[in-house]
Amino acid sequence: MATICNMGAEIGATTSLFPFNDRMSKYLKVTGRSAIAELAAKHRHNLVPDEGAEYDKVIEINLSELEPHINGPFTPDLAHTLDKVGQRAKEKDWPEDIKTALIGSCTNSSYEDMTRAASIAKQALEKGVKAKCQFVVTPGSEQIRATMERDGLDKPLEAIGATVLANACGPCIGQWNRPEVKKGEKNTIVTSYNRNFTGRNDGNPATHCFVASPEIVTAMALQGTLNFNPLSDSLTSASGEQFQLKPPYGDELPSRGFDPGEDTFLAPPQDGSGIALDVDPNSKRLQLLSAFDAWNGKDIEDALVLIKIAGKCTTDHISAAGQWLKYRGHLDNISENLFISAVNSENGEANKVKNQLSGEYSGVPSTARSYKAKGIPWVVFGEENYGEGSSREHAALEPRHLGGRAIIVKSFARIHG
């Protein structure tokens, strides 16, 4: 349910809801929120769809017929069944060998996710099989990390070759240094992360990222190729025998409850009104915000078009992540990533637009700054679902900071609007 709610934003949902049910109640209780569970249960007749509610579209999913899928590359809505993705990779000239398999992230590292991945790893260990590619595990929270460690879930994963990272965003949002892969080098990675837009994970636009469930990613790591269907294909044991993986098993919740792990929360003062915040004016990573100029009440006139964007324009295209995240506290510096991943419809290139004043081509941020310096407003044109993806506040702040006055598109993703 949590994964569906998270991914609903990818196709423009304002929010995704499920009726209150017993699984929600169990989770609330095991995480120390029994009072909320009891209150919700008392009013569960209200936590359901309105009687007679009408919907624009109804999609029926038969779970007994639903096959596991793998989605990608470059977008989370390009889906393939596991028996088709290998052939499709050949046809599309996608790299078949998997360089790295990664599981976790805040979305897909629940206790059940991790126990299912660990059950695949245990089957492999029994046959003497290890991952044939780099394998990375990112716990989605300190609670999951500590509970995994207490219950020994990390041991079989590490035994098949996994590196367990700190519980942080990490490669999911681009905080991943890959010196072994040069920028521009085509390669394939398979992750259980929630987004796989171009260049998102490592800053390399040639990295073909596919997304699947944690157990599918773990299984594919054992063969190291897209041309492997864990549902039907065999692996070779250390003794040379062929064997197939059994369906994974996962515990919905830990039998001993969750281990909260290390408490790193620092509470703010009760009254912060008398505290002065001093920021070094020369800091490259922190900058105090100033209010934007208020609208003068007049129509925008004589605005220039900064860029007309072709195709998808996600929050990653508007404000790239990865190395730029170190500037999240400095609006002016992080604005140097504005639209650098967006494709200019004029020339089919990224970060190359014509300066309407000089006639020269340069990067998007520098062009925007030149207009702003001369007091000339600018606008952007785009296509459907502008701003899909992460709810990144910088994607909304940066255009305004660099002098933008309007984003004119066919539709906005609700998460951005």
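Look up a bit, the structure's there.
Procedures and definitions
Residues numbered from 1 in each chain as written. Predicted model: local features only at pLDDT ≥ 70, side-chain atom pairs only at ≥ 80, totals over all residues. Heavy atoms only, no water. Helix = DSSP H or I, 4+ residues; strand = E, 2+ residues; numbered from the N terminus. Rg over C-alpha atoms; globule rule 2.2 N^0.38 Å. Buried < 20%, exposed > 50% of the residue type's maximum accessible area, 1.4 Å probe, protein only. Contact = heavy atoms within 4.5 Å. Areas by Shrake-Rupley, 256 points an atom, 1.4 Å probe, with all protein chains shown as cover. Lys, Arg positive; Asp, Glu negative; His and termini not counted. Charge placed at Lys NZ, Arg CZ, Asp CG, Glu CD. Pairing = 2+ DSSP bridges. Polar contact = N/O pair within 3.5 Å; in protein donor to acceptor, adjacent residues only side chain to side chain. Salt bridge = Lys/Arg side-chain N within 4 Å of Asp/Glu carboxyl O. Patch = residues over 30% accessible without salt bridge, like charges linked within 9 Å, V, L, I, M, F, W, Y side chains within 5 Å. Axes fitted to C-alpha atoms, helices over the stretch in contact; angles between N-to-C directions. Parallel < 35°, antiparallel > 145°, perpendicular 65-115°, else oblique. Left-handed = near helix turned anticlockwise from the far one by under 90°. Phe/Tyr/Trp six-rings, centres within 6.5 Å; stacked < 30°, edge-to-face > 60°.

## Overview of the overall build of the protein
Next up, step 1: Along its length, the protein carries 12 helices and 16 strands.
Next up, step 2: For a compact globule of 417 residues, the expected C-alpha radius of gyration is about 22 Å, and the protein comes in at 24 Å, within 12% of that figure.
Next up, step 3: The dimensions of the protein, computed from C-alpha atoms along their principal axes, are 70 × 55 × 55 Å.
Next up, step 4: Considering the protein as a whole, with its 417 residues, one finds that 42% of them fall into the buried category.
Next up, step 5: For the protein, long-range pairs separated by at least 24 residues make up 70% of all intrachain contacts whose partners lie at least 6 apart in sequence.
Next up, step 6: Taken as a whole, the protein presents about 23,000 Å² of accessible surface, with 51% of it coming from carbon and sulfur.
Next up, step 7: Charged side chains of the protein number 45 positive and 53 negative; the gap between the two group centres comes to 3 Å.

## Describing the sheet that holds strand 12 (residues 349-350)
Think of a sheet as strands paired side by side through backbone hydrogen bonds, with each pair either parallel or antiparallel.
Next up, step 1: One open sheet accounts for 5 strands, arranged 12-11-10-15-16; its pairing is mixed. This sheet does not close on itself; its edge strands, each paired only once, are strand 12 and strand 16 (404-408).
Next up, step 2: Judged from the 2 bridges that link them, strand 11 (residues 343-344) and strand 12 form a sheet pairing that is antiparallel. Its bridge partner lying in strand 12, V343 is registered against A350.

## Some details on helix 2 (residues 22-30)
Next up, step 1: Backbone nitrogen of R23 and a side-chain oxygen of the N-cap are separated by 3.1 Å at the start of helix 2; the cap is N21.
Next up, step 2: Within two residues after helix 2, G32 carries a phi angle of roughly 80°, on the positive side.

## Brief notes about the pattern of salt bridges
Next up, step 1: Inspection of every chain in the model, using the stated rule, returns 21 salt bridges.
Next up, step 2: The salt bridge partner of K186 is D93, with a shortest N-O separation of 3.2 Å. One end of the pair, K186, is in the loop between strand 5 (162-164) and strand 6 (187-191); the other, D93, is in the loop between helix 4 (85-92) and strand 3 (98-104), and 93 residues separate them in sequence.
Next up, step 3: A relative accessible area of 42% means that K186 is categorised as partly exposed.
Next up, step 4: The exposure class of D93 is exposed, given its relative accessible area of 53%.
Next up, step 5: Between D151 and R256 there is a salt bridge, with the nearest N and O atoms lying 3.0 Å from each other. Placement of D151 in the loop between helix 6 (142-150) and helix 7 (154-159) and of R256 in the loop between strand 9 (242-243) and strand 10 (304-310) is noted, with a sequence separation of 105 residues between them.
Next up, step 6: Taken together, the shared-partner salt bridges connect R23, E112 and E252 into one network.

## Some remarks on a nonpolar patch on the surface
Next up, step 1: A cluster of nonpolar side chains, I59, I61, L63 and L66, forms an exposed patch at the surface whose accessible area comes to about 470 Å².
Next up, step 2: By the element assignment, L63 lies in the loop between helix 3 (34-42) and strand 1 (69-71).

## Considering the side chain of H330
Next up, step 1: Looking at the element boundaries, H330 is found in the loop between helix 9 (315-318) and helix 10 (331-334).
Next up, step 2: What H330 contacts, discounting residues up to four positions off in sequence, is S283, K284, R285, L286 and Q287.

## Here we look at helix 11 (residues 364-373)
Next up, step 1: Along helix 11, the residues that are buried comprise V364, P365, T367, A368, S370 and Y371.
Next up, step 2: Each element contacted by the buried residues of helix 11 is listed here: strand 10, strand 13 (353-354), strand 14 (361-362) and strand 15 (378-381).
Next up, step 3: Phi turns positive one or two residues past the end of helix 11, at G375, with a value near 70°.

## A word on the packing of helix 5 (residues 111-126) against helix 8 (residues 214-223)
Next up, step 1: As a packed pair, helix 5 and helix 8 sit with axes 8 Å apart at the nearest point and diverge in direction by 25°. Our classification of the angle between helix 5 and helix 8 gives roughly parallel. By crossing handedness, the relation of helix 5 to helix 8 is classed as right-handed. Of the residues in helix 8, those in contact with D113, R116, A117, I120, A121 and A124 of helix 5 are P214, E215, T218, A219 and L222.

## Details of the environment of A373
Next up, step 1: Mapped onto the elements of the fold, A373 is located in helix 11.
Next up, step 2: Take A373: its relative accessible area is 68%, and that puts it in the exposed class.
Next up, step 3: Residues A373 and A413, 40 residues apart in the sequence, show an inter-C-alpha distance of 30 Å.

## Quick look at the packing of aromatic side chains
Next up, step 1: Under the definition given, this model contains 5 aromatic pairs.
Next up, step 2: Ring plane angle 65° and centroid distance 5.6 Å describe the contact between W94 and F210, whose orientation is recorded as edge-to-face. Remark: F210 occurs in strand 7 (residues 207-211) and W94 occurs in the loop between helix 4 and strand 3; sequence separation between them is 116 residues.
Next up, step 3: On the accessibility criterion, W94 (13% relative accessible area) is buried.

## Some points on the environment of T314
Next up, step 1: For T314, the position within the fold is in the loop between strand 10 and helix 9.
Next up, step 2: By relative accessible area, which is 0% here, T314 ends up buried.
Next up, step 3: Taking the C-alpha atoms as reference points, T314 and V217, separated by 97 residues in sequence, lie 25 Å from one another.
Next up, step 4: The contact partners of T314, leaving out residues within four places of it in the chain, are F197, G387 and E388.

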